[in-house]
Amino acid sequence: MPHVPRRPGAAARSAAFLVSGALAVTALAGCGSDDQAGRPAAGPDVASAARTQVKDGGTLRWAVDDVPQTLNTFQADADAATSRVTGAVLPSMFRLDAQGRPQENPDYLEKAEVIKTEPKQVVLYKLNQQAVWSDGREIGAADFAAQWRALSGRNSAYWTAHNAGYNRIENVERGKNDLEVRVTFAKPYADWRSLFSPLYPKDVMGTPDAFNEGARRKLKVTAGPFALDKVDRGDKQVTLERNPRWWGRPAKLEKLELTAVPRDKRPAALAAGKLDLAEVDPGAAERIAYAARDKGASGPLAHGPGAGVTSGEALRSWARAHNEDWEVAEAELEARAKTRKAVRKYEKEQTGLNGFVVRKSLEPAYTQLALNGSSGPLADERVRQAVARALDRDKLAQSVLKPLGLPAATVGSHLALSGQAAYADNSDALGKQDADKAQALLAEAGWVRGGPLEEKQQKPKTAGGKAEGAAAESDDGTYIMGEDDQKAGDDAKPGDAAPPLLGPGPLAAAQHSALLHQADAAKVRSAEREGKHAGDAKQGAAPGAYAPKGTPAPQQAAAKDADEGKEGARAGAASGQLAKDGKPLTLNFVLPSGPDAEQLQSVADRISTMLQKIGVRTDITKVDDETYFKDHIAAGDYDLALYSWPGSAYPATDARPIYAKPVPAADGELTVEQNYTRVGTDHIDQLFDQAVGELDQDKERSLVRQADERIWAAAGSIPLYQRPELVATKANLVNAGAFGFQEPSYEDIGFLKPGAKAGGSPAEDAG
């Protein structure tokens, strides 16, 4: 997934309209009203089915972003595909359930518990007596001990990405018999359930060479429902096959193929029958919804290349095609031919897509606004708090999630997501949106309206991006809607006046979503008129991000600026722009520029409008996706930025590096770990340290929630919303889709038997 950094020790686990009803979000029962954690805003959507309804055999073709560079999940370049492979072929002592909470995995464990806390913490693992590696050897203490030694941090020859938790272990030994493993901790460790998941065989962990190189390309010994068959980097594919030594419920699928397919190529691959399961962006989800609606219809499609051409445009095209200037006529005829070809290709793909459905949930990750507190205006906590108090987080969440038919809930914690044990909405520690309070904080920090401003030089382009004022025209004529045209205000949504795409009744929700996507549709139609395939237009846009390229800024505003000149600029500063020591309050808002980032750009547009209302200007700088994190976020070259963090079931461990107070290194540079906002306090660090060593779960959660309250108050980062998860699947594929928090049960995934229907649970039977 794009722009989600990988938490240490945690694997990093965007639709125009989607038809209401056909894609209902699963609700979860569970937590009582007295549980602050609540329940997940959206449950997994996986077309659950009893195993008796699933046929034996078949191959599932599953899209991933890339072939994993390593199969060792404890190395720095491990990614989501690494976790997908290891989840199917290696043991995990604990797995996350639908609420993002760890549960014992009965395939490997009979029981795991803390049996002593004094004088030292001791955890006893009682292993499933049937659990064996694919070479026939029993899983046992030798494997646990080898993994502890490799990840303890005591031997620098092991190229490990992290050693959290393992560095607190004193000893690992055999218990009363071969099925027991005793782990003794030198220091108490609350998140002990995070350890040994996955568990590698001692052959991989036993020596630095085996750890560093041996498990990067192959896993000779495995112990899951599937085994690794081959990694084909030429075909960009990883093939898993049934493990004949698997003792649990046998895998329904014969093979599982993980194929690297870029997100913008997935609709075509799905339509061509090359994929059965793929996470998709909103544009692809929209096409699948259209395909289902159009199934059996006759006549030309009302969407795609050539659709939406007005009578005026058609008349102009006819005139150009019959122009006396043969070059003009020839160019128009060629453009028409390209459009006809694109239409045929699009129609063929739409036919192929009508056998798919879109499963949807919320990813176990949230998008945040990061405020760099290391320098500039945001080094002042009052300014950071003012920025945060200016945001209407509800509107930002609604702008992204409501058009998809997903619950538009804000995220109230930095350290857990709704439903997870440590979650509580602690946003009151900062305070709700309050423009008056925000302006008072700015005044207290010395930022006043109407102060004298120094002459400002034109801002140069930086780092491959272009600098843009929040209310200024960009180099290519594109303007940011909602800022250039202030008449609409931040409540207005581009496309509010668009005609409805669908009729009433059960499709009413789709109408509203369609209105919000007029801006995106306009961009697609612009590409189509140039003879381009609709799929080649940028996918993934959230509604109301930018007008189509080439759209001029409103002429009335431009003329007014030209007429009023410097006098108008001074008047604008006096009425709204804040200044201090002769400098305006302007923040550099850095964003990625790729097509996958259009949703972030839309959110940034809305944020800029909200900040402008309290006198804070934003200069938006778009940079290449490849340099966004390394050269800007990690380097601290930004004031404001948007990126996501994955949720963790073990926040005391995984979140500490993200919020730890930066400390000077020997060379004078700050050591920030993963705290890219550079905002932290000793108190926050102390709370994390206490939580990670607290074995009473209720007390640990209380400490984590206290830490979150302090993080909110420091205003270094503002959680906004959980990321949407949209997954296209074959209509007859069950027990797979948008998993949400839940980790897949790979052995239960498969295709329905002829005439069978989804329903029930795989746990209901052992078929």
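Please read these numbers as outputs of a predicted model, since none were measured by experiment.

A.B. asks: Explain the sheet that holds strand β13 (residues 448–449) residue by residue, including any values.
C.D. replies: An order of β13-β15-β16 is seen for the three strands of this open sheet, with the pairing classed as antiparallel. Both outer strands of the open sheet, β13 and β16 (583–584), are each paired with one neighbouring strand and no more. In this sheet, strand β15 (residues 578–580) lies alongside β13 in antiparallel orientation, the contact comprising two bridges. Along β15, the bridge assignment pairs R449 with L578.

A.B. asks: Describe in detail a positive patch on the surface, supporting the description with residues and values.
C.D. replies: There is a patch of like positive charges on the surface, built from K265, R340, K341, R344 and K345. Note on placement: K265 falls in the loop between β10 (255–260) and α5 (266–271).

A.B. asks: I'd love a proper account of helix α11 (residues 435–444), names of residues and values included.
C.D. replies: Side chains that are three or four residues apart share a direction in an α-helix, a result of its 3.6 residues per turn. What α11 keeps buried is the set A438, L441 and L442. Down the axis of α11, the buried side of the element spans an arc of 100°, and every buried residue falls inside it. Exposed side of α11, more than 90 degrees from the buried face: D436 and E444 are the residues found there. In the core, the buried residues of α11 are packed alongside α9 (381–390) and β15. Among the residues of α11, the N-terminal cap falls to D434, whose side-chain oxygen and the backbone nitrogen of D436 are separated by 3.1 Å.

A.B. asks: Describe the environment of P119, naming the residues involved and giving the relevant values.
C.D. replies: Within the secondary structure, P119 is located in the loop between β4 (109–116) and β5 (122–127). Each C-alpha atom of the pair P119 and A186 lies 9.7 Å from the other, and the pair is 67 residues apart in sequence.

A.B. asks: Let's hear about the nonpolar core: which residues, and what values?
C.D. replies: Counting residues in hydrophobic clusters, the biggest one holds 104 residues, and the most contacted among them are M93, Y125, F196 and Y659. In terms of residue count, the dominant contributor to this core is helix α2 (residues 141–151) (seven residues). The next biggest cluster of nonpolar side chains, apart from the first, holds 44 residues, and it includes L396, L587, I607 and M610.

A.B. asks: Just give me the short version of the packing of helix α19 (residues 682–692) against helix α20 (residues 697–714), but keep the residues and values in it.
C.D. replies: It is at 9 Å that the axes of α19 and α20 come closest, and there the two elements cross at 165°. By the angle between their axes, α19 is roughly antiparallel relative to α20. Crossing of α19 against α20: the hand is left-handed. Facing H683, I684, L687, F688, Q690 and A691 of α19, the residues of α20 in contact are E700, L703, V704, Q706, A707, R710 and I711.

A.B. asks: A description of the pattern of salt bridges should follow, citing residues and the corresponding values.
C.D. replies: Two side chains of opposite charge can pair, provided their charged atoms sit close to one another. Counting across every chain of the model gives 28 salt bridges. Residue R263 is joined to D65 by a salt bridge in which the shortest nitrogen-to-oxygen separation is 3.2 Å. You can see R263 sitting in the loop between β10 and α5 and its partner D65 sitting in the loop between β1 (59–64) and α1 (80–89), a full 198 residues away along the chain. Linking R216 and D77 is a salt bridge whose minimum nitrogen-to-oxygen distance equals 2.5 Å. With R216 in helix α4 (residues 208–217) and D77 in the loop between β1 and α1, this pair connects stretches of sequence that are 139 residues apart. Here the residues in one salt-bridge network are R51, R249, E747 and D748, joined through shared partners.

Thresholds, definitions, all that
Sequence order as written defines the numbering, with residues in each chain counted from 1. Owing to the predicted nature of the model, reporting of local features is limited to residues with pLDDT of at least 70; listing and counting of side-chain atom pairs is limited to 80 or more, with chain, interface and lining totals taken over all residues. Values shown for side chains rest on all heavy atoms present in the structure; no hydrogens or waters enter the calculation. Strand pairing is assigned whenever DSSP identifies at least 2 bridges connecting the two strands. Each helix corresponds to a stretch of at least 4 residues labelled H or I by DSSP, and each strand to a stretch of at least 2 residues labelled E; elements are numbered beginning at the N terminus. Patch construction takes residues with relative accessible area above 30% that form no salt bridge. Like charges are linked within 9 Å, and nonpolar side chains (Val, Leu, Ile, Met, Phe, Trp, Tyr) are linked within 5 Å. Note on areas: Shrake-Rupley, 1.4 Å probe, and residue coverage restricted to the protein chains presented here. A side-chain nitrogen of Lys or Arg and a carboxyl oxygen of Asp or Glu constitute a salt bridge if their distance falls within 4 Å. All tallies of charge rest on Lys and Arg as positive and Asp and Glu as negative; His and the ends of each chain are not included. The atoms used to mark charge sites are NZ of Lys, CZ of Arg, CG of Asp and CD of Glu. Buried means the residue's accessible area, taken with a 1.4 Å probe over protein chains only, is under 20% of the maximum for its type, while exposed means over 50%, and partly exposed covers the values in between. Taking the helix axis as origin, the arc is that swept by the directions to the C-beta atoms. Note on definitions: a residue-residue contact is assigned when non-hydrogen atoms from the two residues lie within 4.5 Å. Between N or O atoms, a polar contact is any pair within 3.5 Å; within protein, one atom must be a potential hydrogen donor and the other a potential acceptor, and residues adjacent in sequence are included only when both atoms are from side chains. Think of a nonpolar core as a cluster: buried Ala, Val, Leu, Ile, Met, Phe, Trp, Tyr and Cys residues, connected wherever their side-chain atoms sit within 4.5 Å. Each axis is a line fitted through C-alpha atoms, taken for helices only over the stretch in contact, and angles between the N-to-C directions span 0 to 180 degrees. Any angle that is under 35 degrees is reported as roughly parallel, and any over 145 degrees as roughly antiparallel; angles of 65 to 115 degrees are reported as roughly perpendicular and all others as oblique. Crossing handedness is defined as follows: a turn of the near helix away from the far one that is anticlockwise and smaller than a right angle gives a left-handed crossing, while the clockwise case is right-handed.

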